[in-house]
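# Reading the structure
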Amino acid sequence: MKTHSLEQLRNKLNIINHNLLELLSDRARIVQEIGDVKEKQGTPKFDPVREKEMLAKLVAANKGPFDDKTIQYLFKQIFQASLNLQESEHKKHLLVSRKKQKEDTIVHIGDVAVGGPKPLMIAGPCSVESYEQVRLVAKALKEAGIPVMRGGAFKPRTSPYDFQGLGFEGLKILKEAADEFGLKTISEIVDPRHIELASEYIDVIQIGARNMQNFELLKAAGEAQIPILLKRGLAATIDEFLHAAEYIVSRGNTQVMLIERGIRTYEKATRNTLDISAVPILKQESHLPVLVDVTHSTGRKDILAPCAKAALAAGADGIMVEVHPDPATALSDAAQQLNIDEFNLFYASVKESGLL
Ligand code: PEP
Ligand code: MN
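Only a predicted model underlies this, so the values are computations on that prediction, with no experimental measurement involved.

### Digging into a nonpolar patch on the surface
Nonpolar side chains collect at one region of the surface, where L13, I16 and L20 lie side by side and expose about 290 Å² of accessible area between them. Note that L20 resides in helix α1 (residues 6–41). For L20, a relative accessible area of 46% translates into the label partly exposed.

And the structure:
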């Protein structure tokens, strides 16, 4: 065999490296095309049977000097890198992502715009308990200039022995009280079959934290034509939260608002841990409006105002807070709801910051 100088050998390696790079890039482009075809077909990206076949063919063709194990290892790395490429392509295409849509989505609750320049305050009782109870809150909200009222009628409670809500009767009460004062309403729906009928009584459907990954409910919400307020799950990552929103948007309903409501951590000083960092991250990653529920995230009346200000300073498009005319007698979340005077003080304090 003719001997080469070190320099000649190195030059040869450089050329081979270059060729390998070109071949790997060509291979990657074909993998991307395969990813697009699979995307359209809805078939999974990872195909272990096909991967095993390719490895077996490569081992059979291997003439050395690398042993079979090394060849398998090297090609597995290439396969994994290709799969990562398909996954990141897919992520880039999430409909809820900023990469897909640069401009902020504005959600319209009647004539109330959420996600625009003016942040929104949403308030109301944890549960709808009676007409008189809701009417007192509606009147206070009207006087304060707050256009959207919340109130739960289907309550997902930890214990089956706790108050479960008034159901459709509660939605009717909410609507009656809201109509009297010209307010819009938000209420949680837990059963996909209830969405259509509920839309006749309320203006926004809330999907609660416990149902953030109830995929049938998300699909039904995606097929409805009513704004959706999607709460972050009790232990959901931001990525899971965005994928839950994607379920709704991918079915055609683009009127989706995200709401951070605290996540489970080891901390006991608050009911949940308010993840303020989720606000700027969600605003960066997604074009959907982002709100913060200060009541369920903290479970503490004494820190609602600073938490609401922090949320707005971090870029939140709105705040949600629970208000009850007589919290001590409330049928759910009695400890954390503000009475009407406390609410007025809270609202004044947040407004005073200039953030609302
Ligand atoms: C609610 O807002 O009424 C509620 C039950 O909140 P979460 O789903 O965030 O616990
Ligand atoms: Mn509550």
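### A closer look at the confidence of the model for the chain
Averaged over every residue, the pLDDT of the chain is 96; the share at 70 or more is 98%. Per-element confidence in the chain is highest for strand β8 (residues 256–260), whose mean pLDDT is 99, and lowest for helix α3 (residues 68–92), whose mean pLDDT is 86.

### Examining the site of ligand 1
Taken together, R150, K155, E188, Q206, G208, A209, R210, K231, R261 and H296 make up the full set of residues near ligand 1. Interatomic distance of 2.9 Å between a side-chain N/O atom of Q206 and an oxygen atom of ligand 1. Within the contact set of ligand 1, an oxygen atom lies 2.6 Å away from a side-chain nitrogen or oxygen of R261. For ligand 1, whose unbound accessible area comes to 290 Å², protein coverage reaches 96%.

### Some remarks on the sheet that holds strand β4 (residues 148–150)
The 8 strands lie next to each other as β3-β4-β5-β6-β7-β8-β9-β10, forming a closed barrel whose pairing is parallel. For this sheet, the mean angle separating the axes of adjacent strands, direction not counted, is 25°. Here β8 pairs with strand β9 (residues 290–293) via 3 bridges, running parallel. Looking at β9, one finds that E260 is bridged to V292. Contacts between helix α4 (residues 131–144) and the sheet are confined to β3 (120–124) and β4, with β4 contributing the most and set at about 150° to the helix.

### Here's the deal with the packing of helix α7 (residues 215–223) against helix α8 (residues 238–249)
At a minimum axis distance of 6 Å, the contact between α7 and α8 shows a crossing angle of 45°. Comparing the axis directions of α7 and α8 gives the class oblique. Each of F215, L218, K219, A221 and G222 in α7 lies in contact with α8, whose residues at this interface are A244, Y247 and I248. Here the contact of α7 with α8 is built from residues that sort into 6 nonpolar, 1 polar and 1 charged.

### Notes on the pairing of strand β6 (residues 204–207)
Side chains V204 and Q206 of β6 all project onto a buried face; the interleaved residues I205 and I207 project onto the opposite face, where all are buried too. With 3 bridges connecting them, strand β5 (residues 184–188) and β6 associate as parallel partners. Across the sheet, residue I186 finds its bridge partner in β6, namely V204. Pairing of β6 with strand β7 (residues 228–231) involves 3 bridges; the strand directions are parallel. Along β7, the bridge assignment pairs I207 with L230. What joins β6 to β7 is α7, and the crossover it makes is right-handed.

### A few points about the side chain of E246
Assignment of secondary structure puts E246 in helix α8. Put simply, E246 is tucked away with no salt bridge, and the nearest opposite charge, on K100, sits 8.2 Å away. Ignoring any residue separated from it by four or fewer positions in sequence, one finds E246 in contact with H93, L94, L95 and V96.

Rules of the game
Residues numbered from 1 in each chain as written. Chains lettered and ligands numbered in written order. Predicted model: local features only at pLDDT ≥ 70, side-chain atom pairs only at ≥ 80, totals over all residues. Heavy atoms only, no water. Patch = residues over 30% accessible without salt bridge, like charges linked within 9 Å, V, L, I, M, F, W, Y side chains within 5 Å. Areas by Shrake-Rupley, 256 points an atom, 1.4 Å probe, with all protein chains shown as cover. Salt bridge = Lys/Arg side-chain N within 4 Å of Asp/Glu carboxyl O. Helix = DSSP H or I, 4+ residues; strand = E, 2+ residues; numbered from the N terminus. Buried < 20%, exposed > 50% of the residue type's maximum accessible area, 1.4 Å probe, protein only. pLDDT = per-residue confidence, 0-100. Near = heavy atom within 4 Å. Polar contact = N/O pair within 3.5 Å; in protein donor to acceptor, adjacent residues only side chain to side chain. Pairing = 2+ DSSP bridges. Axes fitted to C-alpha atoms, helices over the stretch in contact; angles between N-to-C directions. Contact = heavy atoms within 4.5 Å. Parallel < 35°, antiparallel > 145°, perpendicular 65-115°, else oblique. Nonpolar A, V, L, I, M, F, W, Y, C, P; charged D, E, K, R; others polar. Right-handed = clockwise from strand over helix to strand, strands pointing away. Lys, Arg positive; Asp, Glu negative; His and termini not counted.

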